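Single-letter residue listing:
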Amino acid sequence: MLVFFAFVVGAVVGSFLNVVVYRLPAGESVVHPPSRCPSCGHRLGPLDMVPILSWLAFRGRCRYCGAPVSARYPLVEALTGGLFALAAWLHPVPDVGLLLAWGFTALLIALSFIDIDHYILPDSLTYGGLALGLLGAAIWAFPVGWSEAWQGALAAAGLLALIGGFANLVLRRGASGRPGFPVGLEHVYLAAAVAAWFGWGWGVLAAAAAVAVNLARRRPLPLPDALTLGAAVLGVLVASYGVLPLGVLESVWAMLLAAGAVALAGGLYWALLPEEEEEEEDEEPVAMGFGDVKLAGMLGAWLGFGPFLVALAVAVFAGAVLGLLFRRRKLPFGPYLALGGWVALWWGASWVQAYLAYLGLS
Ligand SMILES: [Zn+2]
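For clarity, every value in this text was computed on a predicted model and none was experimentally measured. (Residues numbered from 1 in each chain as written. Predicted model: local features only at pLDDT ≥ 70, side-chain atom pairs only at ≥ 80, totals over all residues. Heavy atoms only, no water.)

Caption draft 1: Focus on the pattern of salt bridges. In this structure the tally under the stated criterion is three salt bridges. Between Arg63 and Asp48 there is a salt bridge; the shortest N-O distance is 2.7 Å. In this pair, Arg63 sits in the loop between helix H2 (53-57) and helix H3 (72-90) while Asp48 sits in the loop between helix H1 (2-23) and H2, placing the two residues 15 residues apart along the sequence. On the basis of relative accessible area, Arg63 is assigned to the partly exposed category, the value being 39%. Put simply, Asp117 and Arg72 hold a salt bridge, and the shortest N to O gap is 2.9 Å. Placement of Asp117 in helix H4 (residues 96-118) and of Arg72 in helix H3 is noted, with a sequence separation of 45 residues between them. (Salt bridge = Lys/Arg side-chain N within 4 Å of Asp/Glu carboxyl O. Helix = DSSP H or I, 4+ residues; strand = E, 2+ residues; numbered from the N terminus. Buried < 20%, exposed > 50% of the residue type's maximum accessible area, 1.4 Å probe, protein only.)

This is the structure in structure tokens:
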């Protein structure tokens, strides 16, 4: 009964997600004006907007002008309905937890399809999802507790930012990326370097000091990526010899937390900044979009860090398999991360437990 009800709710939500996917990247309001046929402009009535069924009843055509309606609309509705139903089956209690799981599902579907269409992950959805994840953890401890949530958000974003940093360093043969003003990726790497040696608070403080120096100088202070990322690796190596106050795991953890804190704060600054001539000149090669870092932060907040690693592993595996199957088109990484995140919401924690048990660690 609950599962059937969940499917219906999901199909209706999926119908709304179609509007979000279509309008949000265009900067249009998602609630106004009412939906119209994109071909003839005729306003859609209630009969045209019954999820899945309208599309089937009118055989995938507009009732007024006969223009074909993409099969993706009913597919998104069916996918959302199916995942809402699966969530209700896996979490068979009609409580706040189920509502949060549905919210997480809806956000991931919207993000995936927008990324497929436009190669972007809108800040309103990634940061909105991050905030909802932290809120759910703080108030209802669902799906994880508060300390797992905020640390998961920072460490997950930090991990992806640093993977991106090292990959870019290889791509650019050791040359630095373009510095940001007043805050840029170079501050993420600086935070990681200082944190690996001295702890994550000092890392964040060092990045904040470097941003303050930028503001005082009115131009970016050069911080070579090879130097900062190299210092981070060296810090972890030195920590593994036990000569620092930090142990090796503490050093790595501090590095991830500090890098994530600076990446998410810097990303929020760029998101809230009024649009300027962004992107345009951005022709330097990048291994990973910064949107993926923010999506990782969102997933970390929902899952905690251990299950986030499960999500990342699923994403990389699915990306490799599907990448081989669909070689024609460059697919963005966001949908794979979303898939991994959804899988890890239900099975991540138990897979982490099983793996630790396998290693004899728990
Ligand atoms: Zn029409």
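Structure shown, so let's carry the discussion forward.
Caption draft 2: Region of the structure containing the coordination of the zinc ion. At this site the zinc ion is bound by Cys37 (SG), Cys40 (SG), Cys62 (SG) and Cys65 (SG), with donor distances of 2.3 Å. Each of the four donor atoms around the zinc ion contributes to a set of angles spanning 104 to 120°, which defines the coordination as tetrahedral. (Donors = N, O, S within 2.8 Å, 3.2 Å for Na, K, Ca; no water. Tetrahedral: all angles 85-135°; square planar, octahedral: opposite > 155°, others 65-115°.)

Caption draft 3: Quick look at the side chain of Glu186. Relative to the helices and strands, Glu186 resides in helix H7 (residues 185-198). Despite its burial, Glu186 remains without a salt bridge, the nearest opposite charge being carried by Arg172 at 9.2 Å. If we skip the residues at most four places from it in the chain, Glu186 touches Pro179, Gly180, Leu223 and Asp225. (Lys, Arg positive; Asp, Glu negative; His and termini not counted. Contact = heavy atoms within 4.5 Å.)

Caption draft 4: Inspection of the nonpolar core at higher detail. Judged by nonpolar contacts, the single largest core of 82 residues is most densely connected at Leu108, Leu162, Leu295, Met298, Leu299 and Phe308. The element that contributes the greatest number of residues to this core is H4, accounting for 13 residues. Discounting chain neighbours no more than four positions away, the residues touching Leu295 are Leu108, Leu111, Leu121, Thr126, Gly334 and Leu337. (Core = buried A, V, L, I, M, F, W, Y, C linked by side-chain atoms within 4.5 Å.)

Caption draft 5: Main features of the packing of aromatic side chains. What the rule picks out here adds up to nine aromatic pairs. A centroid spacing of 5.5 Å and a plane angle of 75° characterise the contact between Tyr269 and Trp270, whose relative ring orientation is edge-to-face. When its relative accessible area of 36% is taken as the criterion, Tyr269 is described as partly exposed. An aromatic cluster is present here, built from Trp253, Phe305 and Phe308 joined pairwise through their rings. (Phe/Tyr/Trp six-rings, centres within 6.5 Å; stacked < 30°, edge-to-face > 60°.)

Caption draft 6: Structural detail: helix H13 (residues 334-358). With 25 residues, H13 extends just 30 Å between its outermost C-alpha atoms, more than 12% less than the 36 Å of an ideal straight helix rising 1.5 Å per residue. Taken as a whole, H13 carries its principal kink of about 65° at Trp347. Positioned one or two residues after H13, Gly360 has a phi angle of 75°, which is positive. (Expected span 1.5 Å × (residues − 1). Bend = angle between axes of the 7 residues up to and from the residue.)

Caption draft 7: Main features of the packing of H3 against H4. Between H3 and H4, whose axes approach to 10 Å, the crossing angle comes to 150°. The orientation of H3 relative to H4 falls into the category roughly antiparallel. When the axes of H3 and H4 are compared, the crossing they make is right-handed. Here Arg72, Val76, Leu79, Thr80, Leu83, Phe84, Ala87 and Ala88 of H3 lie close against H4, whose contacting residues are Leu98, Trp102, Thr105, Ala106, Ile109, Phe113 and Asp117. (Axes fitted to C-alpha atoms, helices over the stretch in contact; angles between N-to-C directions. Parallel < 35°, antiparallel > 145°, perpendicular 65-115°, else oblique. Left-handed = near helix turned anticlockwise from the far one by under 90°.)

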